[in-house]
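Tertiary structure, described
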Amino acid sequence: MSASGVRQDHTFEAFASHDFYRVVNEHLVDATLQIRSHVPRPPIHRVLDLACGTGAVTALLVDRVRKLRQPVEVIAVDPSESALEKARRLVGNAAQFVKGTAQAFSNVVSGVDLILFCNAIHLLPNKDVVLSEARNALNEGGVIGFNSSFYEGCYVPGTERFYKLWMLRAMQLLKQETGMRPDRKKVEAMRWLTPDEYREVLERTGFTVDIMEAEQAMMTCKSWQDISHYSEFANGALPGVPLDVAIPVLERSVALAYQEMKITELPRNWLQVVARAV
Ligand SMILES: C[S@@+](CC[C@H](N)C(=O)[O-])C[C@H]1O[C@@H](n2cnc3c(N)ncnc32)[C@H](O)[C@@H]1O
């Protein structure tokens with residue numbers, strides 16, 4: 001609850017409703033299905049949405065597999081009960097929702113033909129563990145599609161100033177209004193991987209890369225304000241600052257940065273990857 005007594009939503013739901021976000025995920029889902037369709041047999045019978053969150057990608061996947069006109073089981077996994085609850089509400093019984101983590105799910109979900117793992121791989125410290133789990137869960141000829149906008153290369157050249165300005169304004173507001181400072185010791189040192197490092201992990205864990213490319217999305221100020229409500233993002237941007245303070249500070253400071261830079265949109269790269277189990 002916030003001070004006003006209104007229950008705050010700290011999931012990814014609001015951000016996931018932006019058009020540019022749906023489009024990058026749609027491209028990944030379609031590309032992954034297309035690569036899998038090159039495998040002559042057997043046909044797809046089970047697909048997994050790993051780290052499904054509030055179900056935006058699960059809904060997309062359900063829509064696409066319906067068009068295959070064959071029975072396909074859709075399973076979705078996430079560790080967050082509140083996100084799963086929203087996903088169940090969005091998708092209904094067209095998918096089966098299971099609580100679990102990307103580090104250890106192959107004992108509960110296996111024999112899958114296709115895995116989608118959207119906007120989450122950067123959250124996990126050990127990519128080898130996750131991709132080995134994915135490899136174990138996949139059938140012969142199985143494919144994985146994953147994407148991330150937190151990797152070495154996600155800042156479009158020329159946009160670095162925006163990120164510095166946003167954080168500068170956020171620190172100033174925080175200090176002026178609360179006297180607080182973020183506690184950098186509280187942030188887990190999570191290094192962003194380069195595309196080549198992702199390729200190396202995939203090859204070490206039994207995959208061959210079919211697609212690895214950057215796709216640009218145009219981010220509005222509102223989309224940054226919505227992602228600021230997501231607890232993982234707010235905690236990463238202003239570590240140690242309580243969410244009911246960090247979220248409004250991030251929302252107001254990003255609006256200042258957009259105003260000062262006189263922009264309405266900012267380009268950001270998403271790394272889109274599709275790999276086949278070998
Ligand atoms: C940014 S959201 C992405 C949700 C969804 N895949 C999408 O693209 O809209 C990241 C999700 O990863 C989940 N997550 C965090 N740690 C995880 C873990 N260890 N294993 C699996 N999922 C995890 C979070 O609960 C959250 O729902």
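The following paragraphs examine the structure supplied in this document. (Residues numbered from 1 in each chain as written. Predicted model: local features only at pLDDT ≥ 70, side-chain atom pairs only at ≥ 80, totals over all residues. Heavy atoms only, no water.)

**Focus on the nonpolar core**
- Residues Phe 15, Phe 162, Trp 166, Trp 224, Phe 233, Tyr 258 and Trp 270 are the most contacted members of the largest nonpolar core, which totals 37 residues.
- Only α1 (13–16), α2 (19–37), α6 (160–178), β6 (207–220), α8 (221–227), α9 (231–237), α10 (243–261) and β7 (265–277) provide two or more residues apiece to this core.
- The element that contributes the greatest number of residues to this core is α10, accounting for ten residues.
- For Phe 15, the contacting residues outside a window of four places in its chain are Phe 20, Tyr 21, Met 219, Ser 223, Asp 226, Ile 227 and Trp 270. (Core = buried A, V, L, I, M, F, W, Y, C linked by side-chain atoms within 4.5 Å. Buried < 20%, exposed > 50% of the residue type's maximum accessible area, 1.4 Å probe, protein only. Helix = DSSP H or I, 4+ residues; strand = E, 2+ residues; numbered from the N terminus. Contact = heavy atoms within 4.5 Å.)

**Section: the sheet that holds strand β1 (residues 46–50)**
- Reading across from one edge, β3-β2-β1-β4-β5-β7-β6 is the order of the seven strands in this open sheet, with mixed pairing throughout. Pairing within the sheet leaves two strands with one partner each, and these edge strands are β3 (96–99) and β6. The sheet shows a mean angle of 20 degrees between the axes of neighbouring strands, direction not considered.
- Pairing of β1 with strand β2 (residues 73–78), which is carried by five bridges, proceeds in the parallel orientation. Directly across from Asp 49, in β2, lies its bridge partner Ala 76.
- In this fold helix α5 (residues 127–137) packs onto β4 (112–118), β5 (138–148), β6 and β7, with an angle of close to 145 degrees to the strand it touches most, β5. (Pairing = 2+ DSSP bridges. Axes fitted to C-alpha atoms, helices over the stretch in contact; angles between N-to-C directions.)

**Regarding the site of the ligand**
- The local shell around the ligand holds 18 residues, among which Tyr 21, Ala 51, Asp 78, Ala 102 and Cys 118 are the closest.
- Within the backbone of Ala 102, an N or O atom sits 2.8 Å from a nitrogen atom of the ligand.
- Here a nitrogen atom of the ligand and a side-chain polar atom of Gln 103 are 2.9 Å apart.
- Burial of the ligand by the surrounding chains reaches 92%, relative to a free accessible area of 590 Å².
- Split into classes, the residues belonging to the shell around the ligand amount to twelve nonpolar, five polar and one charged. (Near = heavy atom within 4 Å. Polar contact = N/O pair within 3.5 Å; in protein donor to acceptor, adjacent residues only side chain to side chain. Areas by Shrake-Rupley, 256 points an atom, 1.4 Å probe, with all protein chains shown as cover. Nonpolar A, V, L, I, M, F, W, Y, C, P; charged D, E, K, R; others polar.)

**A few points about α5**
- Residues of α5 that are buried: Lys 127, Val 130, Leu 131, Glu 133, Ala 134 and Ala 137. For α5, the arc enclosing every buried residue in end-on projection is 150 degrees, short of the 170-degree limit, so these residues lie on one face.
- The residue sitting at the N-terminus of α5 and contributing the capping side-chain oxygen is Asn 126; that oxygen lies 3.1 Å from the backbone nitrogen of Asp 128. (Arc of directions from axis to C-beta.)

**Structural notes on the packing of α5 against helix α7 (residues 195–204)**
- Between α5 and α7, whose axes approach to 9 Å, the crossing angle comes to 45 degrees. If you check the angle between α5 and α7, you find them oblique. Relative to α7, α5 is oriented so that their crossing is right-handed. Contact residues: Lys 127, Asp 128 and Leu 131 in α5; Tyr 198, Val 201, Leu 202 and Arg 204 in α7.
- Here the contact of α5 with α7 is built from residues that sort into four nonpolar, no polar and three charged. (Parallel < 35°, antiparallel > 145°, perpendicular 65-115°, else oblique. Left-handed = near helix turned anticlockwise from the far one by under 90°.)

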